[in-house]
Amino acid sequence: MCPQDRSPPCRPYPPAGDEVGGDDRTLGENHVPAVQEGEEVKVQCRKGIPSALRARCWPLLCGAHVCQKNSPSTYQELAEAPGDPQWMETIGRDLHRQFPLHEMFVSPQGHGQQGLLQVLKAYTLYRPEQGYCQAQGPVAAVLLMHLPPEQAFWCLVQICEVYLPGYYGPHMEAVRLDAEVFMALLRRLLPRVHKHLQQVGVGPLLYLPEWFLCLFARSLPFPTVLRVWDAFLSEGAKVLFRVGLTLMRLALGTTEQREACPGLLETLGALRSIPPAQLQEDIFMSQVHSVALSERDLQREVKVQLALLPEPASGLPPRPQARLPGAQAVFEAQQLAGAQGSAKPEVPRIVVQPPEEARPPRRKPQTRGKTFHGLLTRVRGVPTEAPPRSHRGSASFLDTRF
């Protein structure tokens, strides 16, 4: 579906003296991703999936349709089972916070909140060792706006376990790793923004979890959120890094913007108050896709930061190798799993039928001195004695031949 990204490697900015006006405005400029054969799906997802097709495309991209097909009764069993009282109470307190102005989630007894309750409860039963994370609420809510509860559940499973493993567990070990990766990329691609954040004491954990854990559902206009999701389900976690870097450039890319944020609160406020015109989906996504960050660059930086990460107190190190880079990798992994898990093909058996009893040879009629036409002459009225026909259908066949 989506072959490996072939964008140029991310490259550092030129020295400070080479930037016009001292602004970090050159993030990915003049970088146009090459459209090559076999990239049709990725290109279409970057353009935006039509609203009427997202219900079909999202489960196909993330592999949820295969999970549902392999476990057709799992969600129904989880939905009917009683949930853990601890998680049910926490989930119940968060239901009204998910898109409270959306008509689907206004009423506590409406199908929106009730469906959200069932999907989140089902996940806590499906993965009891992980339980419930508050950031799963807006993710599941966006899925329910487009999909039935069962499909939304399997899409949530794929996002939590394939696209972003280690994000929604009790220790969130992968979030800490990606925070360090993001700062390293920021230092390479937007060095002046990185320096400003260090000076005012804004660490990545003050803004990145809300961005990445919620897939920007709480940080961008809703039409732009859907476009981000289209690209994310197609190309994987690198889209989240590209979106984050684009937001940093829009909020703090110029000298004037940084001077207007002398402290921590002002800087965080700037990240939340980007003008809506700059976040319009077409304009914003064109900038996102122009960021010079390939999958290879991301994986290289992940390895570097993983080696520098201190030993976690929980004893559970991040497992970045479990994260799959997009729909193509998900498809290949599911194909491989299906081939390994399928039953061995049956060896064809050769069945030898016993020989039939020998029959006496059929005696040929004596036709010497006669013609077929004479044998098949039809007599009007009551037929006289005539030789019986040897086999069915011979008259019509011979009448056409002679």
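Residues numbered from 1 in each chain as written. Predicted model: local features only at pLDDT ≥ 70, side-chain atom pairs only at ≥ 80, totals over all residues. Heavy atoms only, no water.

## Quick word on the overall build of the chain
The cut-off we apply is this: Helix and strand labels come from DSSP, where a helix needs a run of H or I of at least four residues and a strand needs a run of E of at least two; each type is numbered from the N terminus. A simple rule labels every residue: compare its accessible area, found with a 1.4 Å probe on the protein chains alone, to the largest value its type can have, and call it buried under 20%, exposed over 50%, or partly exposed in between. Two residues form a contact once any of their heavy atoms are found within 4.5 Å. Accessible surface area values rest on a Shrake-Rupley calculation with a 1.4 Å probe, where residue burial reflects the displayed protein chains alone.
Of regular secondary structure, the chain possesses 20 helices and zero strands. Classification of the 402 residues of the chain by burial places 45% in the buried group. Once local pairs closer than 6 in sequence are excluded, the contacts in the chain between residues at least 24 apart make up 78%. Split by element, the accessible area of the chain, about 22800 Å² in all, is 56% carbon and sulfur.

## Some remarks on the packing of helix α9 (residues 173-189) against helix α13 (residues 238-252)
What counts is decided by this rule: Note on geometry: axes are lines fitted to C-alpha atoms, helical ones only across the stretch in contact, with angles between N-to-C directions running from 0 to 180 degrees. Note on terminology: angles under 35 degrees are roughly parallel, angles over 145 are roughly antiparallel, angles of 65 to 115 are roughly perpendicular, and the others are oblique. Handedness of each helix crossing follows the sense of rotation of the near helix against the far helix: counterclockwise by less than a right angle gives left-handed, clockwise gives right-handed.
Two numbers describe how α9 lies on α13: the axes approach to 11 Å, and their chain directions differ by 50 degrees. Of the possible angle classes, the one that applies to α9 and α13 is oblique. As α9 runs across α13, the sense of the crossing is right-handed. Facing α9, whose interface residues are Asp178, Val181, Phe182, Leu185, Leu186 and Leu189, α13 presents Phe241, Gly244, Leu245 and Met248.

## Here's the deal with the nonpolar core
Heads up, the rule is: Within this scheme, the nonpolar core is defined by two criteria: the residues are buried Ala, Val, Leu, Ile, Met, Phe, Trp, Tyr or Cys, and they are joined through side-chain atoms within 4.5 Å.
Judged by nonpolar contacts, the single largest core of 104 residues is most densely connected at Leu143, Leu164, Tyr168, Phe182, Tyr207, Trp211 and Met248. When neighbours within four sequence positions are excluded, tryptophan 211 is seen to be in contact with Phe182, Phe216, Ser219, Gly244, Leu247, Met248 and Leu271.

## Brief notes about the side chain of serine 290
What counts, and what does not: In protein, a polar contact means a hydrogen-donor-capable atom and an acceptor-capable atom, both N or O and within 3.5 Å, with residues adjacent in sequence counting only if both atoms are side-chain atoms; elsewhere, any N or O pair within 3.5 Å suffices.
Within the secondary structure layout, serine 290 lies in the loop between α16 (281-289) and α17 (295-308). A distance of 2.7 Å separates a polar side-chain atom of serine 290 from the backbone oxygen of glutamine 287.

## Let's talk about unusual backbone geometry
Across the chain, the bulk of peptide bonds are trans and the bulk of non-glycine residues have phi less than zero. Non-glycine residue phenylalanine 99 carries a positive phi angle of around 50 degrees. Here phenylalanine 99 shows up in the loop between α5 (85-94) and α6 (111-126). For phenylalanine 216, which is not glycine, the phi dihedral falls at a positive 65 degrees. Along the chain, phenylalanine 216 falls in the loop between α11 (208-213) and α12 (222-235).

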